[in-house]
Structure formats: structure tokens, C-alpha cells
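# Coordinate inspection notes
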Amino acid sequence: RHGAGKAEDTSKTSPFHLDLWFYFTLQNWVLDFGRPIAMIILPLEWFPLNKPSAGDYFHMAYNVITPFLLLKLIERSPKTLPRSMVYVSIITFVMGASIHLVGDSVNHRLIFSGYQHHLSVRENPIIRNLKPETLIDSFELLYYYDEYLGHSMWYIPFFLILFIYFTGCFTPVAEQSRMPVAALLLMGPSSLYYWYLVTEGQIFILYIFTFFAMMALVMHQKRKGLVLDSNGLFLFYSFIIALLLIAAWVAWLWNDKILRKKYPGVIYIPEPWAFYTLHMNNLHAAKESF
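Residues numbered from 1 in each chain as written. Predicted model: local features only at pLDDT ≥ 70, side-chain atom pairs only at ≥ 80, totals over all residues. Heavy atoms only, no water.

### Some thoughts on the overall build of the protein
- When helices and strands are tallied, the protein shows 10 helices and 2 strands.
- Its helices and strands in sequence order give the protein the pattern α-α-α-α-α-β-α-α-β-α-α-α, from N to C terminus.
- Here the protein has a C-alpha radius of gyration of 21 Å; the compact-globule value for 290 residues is 19 Å, and the two agree.
- Out of the 290 residues belonging to the protein, those deemed buried represent 47%.
- Contacts spanning at least 24 positions in sequence make up 79% of the contacts within the protein whose residues lie at least 6 apart.
- Here the protein displays about 14,600 Å² of accessible surface, and carbon together with sulfur accounts for 68% of that area.
- Considering the protein, the positive charge centre built from 22 side chains and the negative charge centre built from 20 side chains are found 6 Å apart. (Helix = DSSP H or I, 4+ residues; strand = E, 2+ residues; numbered from the N terminus. Rg over C-alpha atoms; globule rule 2.2 N^0.38 Å. Buried < 20%, exposed > 50% of the residue type's maximum accessible area, 1.4 Å probe, protein only. Contact = heavy atoms within 4.5 Å. Areas by Shrake-Rupley, 256 points an atom, 1.4 Å probe, with all protein chains shown as cover. Lys, Arg positive; Asp, Glu negative; His and termini not counted. Charge placed at Lys NZ, Arg CZ, Asp CG, Glu CD.)

### Focus on the nonpolar core
- Membership of the largest hydrophobic core comes to 63 residues, with the highest contact counts inside it found for W21, F158, F159, Y194 and F239.
- Those elements giving two or more residues to this core turn out to be α1 (18–41), α2 (54–75), α3 (83–109), α5 (134–166), α6 (181–201), α7 (204–223), α8 (230–252) and α10 (272–289).
- Excluding anything up to four places from it in sequence, Y194 contacts F24, F158, L162, L235, S238, F239 and A242.
- By size, the runner-up hydrophobic cluster in this structure holds 6 residues, among which are Y115, I127, I136 and Y143. (Core = buried A, V, L, I, M, F, W, Y, C linked by side-chain atoms within 4.5 Å.)

### Re the confidence of the model for the protein
- Averaged over all residues, the pLDDT of the protein equals 86, while 91% of them reach at least 70.
- For the stretch residues 1–11, pLDDT sits under 50, and the model shows 23 contacts to residues farther than four places along the chain or on other chains.
- Scored below 50 in pLDDT, residues 283–290 shows 1 contact in the model against residues more than four places distant or in partner chains. (pLDDT = per-residue confidence, 0-100.)

### With respect to the environment of D256
- Checked against the element boundaries, D256 lands in the loop between α8 and α9 (257–262).
- Contact partners of D256, with chain neighbours within four places excluded, come to Y268, L278 and H279.
- Among the polar contacts listed, one links the side chain of D256 to the backbone nitrogen of I258, at a separation of 3.2 Å.
- At a separation of 3.1 Å, a polar atom in the side chain of D256 contacts the main-chain amide nitrogen of L259. (Polar contact = N/O pair within 3.5 Å; in protein donor to acceptor, adjacent residues only side chain to side chain.)

### Notes on unusual backbone geometry
- Omega for the bond connecting K131 with P132 falls within 30 degrees of zero, at -5°, which places this linkage in the cis form.
- By secondary structure assignment, the location of P132 is in the loop between α4 (125–128) and α5.
- The residue Q202 is not glycine, and still its phi comes out positive at about 55°.

### Topic: the UniProt feature "transmembrane region" (unreviewed entry) in the protein
- As annotated in UniProt, the feature "transmembrane region" (unreviewed entry) corresponds to residues 20–42, 57–74, 86–103, 154–174, 203–220 and 232–254 in the numbering used here.
- As annotated, residues 20–42 comprises 96% helix and 0% strand, and the C-alpha atoms at either end are separated by 29 Å.
- Its end C-alpha atoms 26 Å apart, residues 57–74 is made of 100% helix and 0% strand. (UniProt positions renumbered as here; feature names shortened; annotations may be inferred.)

### A closer look at the packing of α5 against α7
- Relative orientation of the contacting elements α5 and α7 amounts to 10°, with a least axis distance of 11 Å. By the angle between their directions, the pair α5 and α7 is classed as roughly parallel. Residues Y155, I156, F159, F163 and F166 of α5 touch α7, and the partners they reach there are L206, Y207, T210, A213, M214, L217 and V218.
- Split by residue class, the contact of α5 with α7 holds 11 nonpolar, 1 polar and no charged. (Axes fitted to C-alpha atoms, helices over the stretch in contact; angles between N-to-C directions. Parallel < 35°, antiparallel > 145°, perpendicular 65-115°, else oblique. Nonpolar A, V, L, I, M, F, W, Y, C, P; charged D, E, K, R; others polar.)

See the structure below:
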């Protein structure tokens, strides 16, 4: 289906993939966004700290279901897509998400011991007093696997696959460049998830480069008389709305001095879970004291 020898056929188009986009958005919210929430809400005695948590099982399911849905999405593209690039991307995605599973599991379990995500590893009270001090290096290595290597190997192929699919979402028929009502309803949850993905994953540069590549491709194809079909519009508009949400999030927390300290530099995009441990967690503790 994805062989390189097959000629591109721009006369073909695909109907809106409501089933795939719905499953994709649902499992993103439940298995990705929902995994730390499930770990915090469910009773600790059900999942001892030395065993996998509910969030870990969510992550395992995500690592299987997401690449499957991405492959099904690629299969439905009317355009011939590079098979080798797709396969290598999926393999790298699974490896990166699996690395992240281990690091994220330990880091989130540390919350129950007082770890604060709005602080760096060495600034955390439960970490800086460890003896010998070489243990702190081990926790920084764990953080590196979780937040840097795992995220890079997870999100780079993820957005690459979405962009590869996007290249096949063009049609010469202007009437096909419109979204059904179901797509409009699904756009809100999809955009909000991309906001969470970019802010929590700290992948704004990757996201914005993917978005600019989409814009450049749209303008290039427009000169050839091609326009986005319903699936392409859904993906493109979801990225635009997510970008607006990111801008609103940054503007809201622009003057937060504590988060500013953790996220120095030109690009300041706080993580939602860092905001939670800094502000919401304190709020809950204050309510319990009354």
C-alpha cells in the first residue's frame, strides 16, 4: 500500500475518518492525560509504590494502541507514502514511549514521597539530602531519560508521522475542502490535547516547526490548485487552536516567579503538572487543614 513505485494520485480523496480520529482523541485523553490522574486518585494500597501503578498500565496500553492507530491512519491516506520512513518512525516511537514509561513511572511515584515537579531535581528537598551524593546523579539520569531522551524519541516520530499523513490530505476538488459537523465537535478535545502534549512534553520547538512545515506545504499545494480535504483541515485547525491555547497559557503564567525559575530562557512554557504541584496541591492541602 505504501510502496515507493506507485505514482501519486491527487484525484483521490478520503472521507473524514471519524472513527480513527475519535479513537485517537479518546485514547490520548484517557491513556495519556488520564494516567497521572488515575495514579493519584486510586487508593495507594491497590498499587504499592514498589509495583506498577494504574498510570503505568495506562501507559502500556497507550504504547500499543497509539502506533496501531497511526498505522491505520497512514493506511487510509489516498497518497502513496514512504514505507521505510513510516516503519522506522513507528519503531522509534514505541522505543521512546517505552523509555518514558519507566522514567515517568518512577518520577510520578516520587510525588507520594514529597517530590515537587516545579523544582529541579537537585532543588527538591527529598533529593538534595541523599547520601552519597552520587545518588542525586542517578536521579538526574532518570530525569534525563524521562524528560529528554524519552520525549525526543517519542514525539519526533509522532509528529513526523502526522506530517507524512498530512502530505496526502490534498484534493483538487474544492467541495471536498470542508469538515462535517462531527469533525467540528471533535476539534475542541483534539486541540486541547495538543496543548497538553506540547506544554507537558516541553516540545514547543518541535510543534512549531511541524506547524510551519504544514503551512508551507499548504501554500505550495495551493499554487498547484490543491486544497486540504476534511482530514487535513481537521489536523491543521487543531494545530492552530492548540497554538492559541499555548499562547493563552503562557500569558496567564507569565509573571509566576517560581515557574520562571524552573523554565528559564527565551521559550517559557510551564508544564501543567508543575503548575499543579506548585499551586493546586497547596490549595488542596490548605482545604484539608480547615
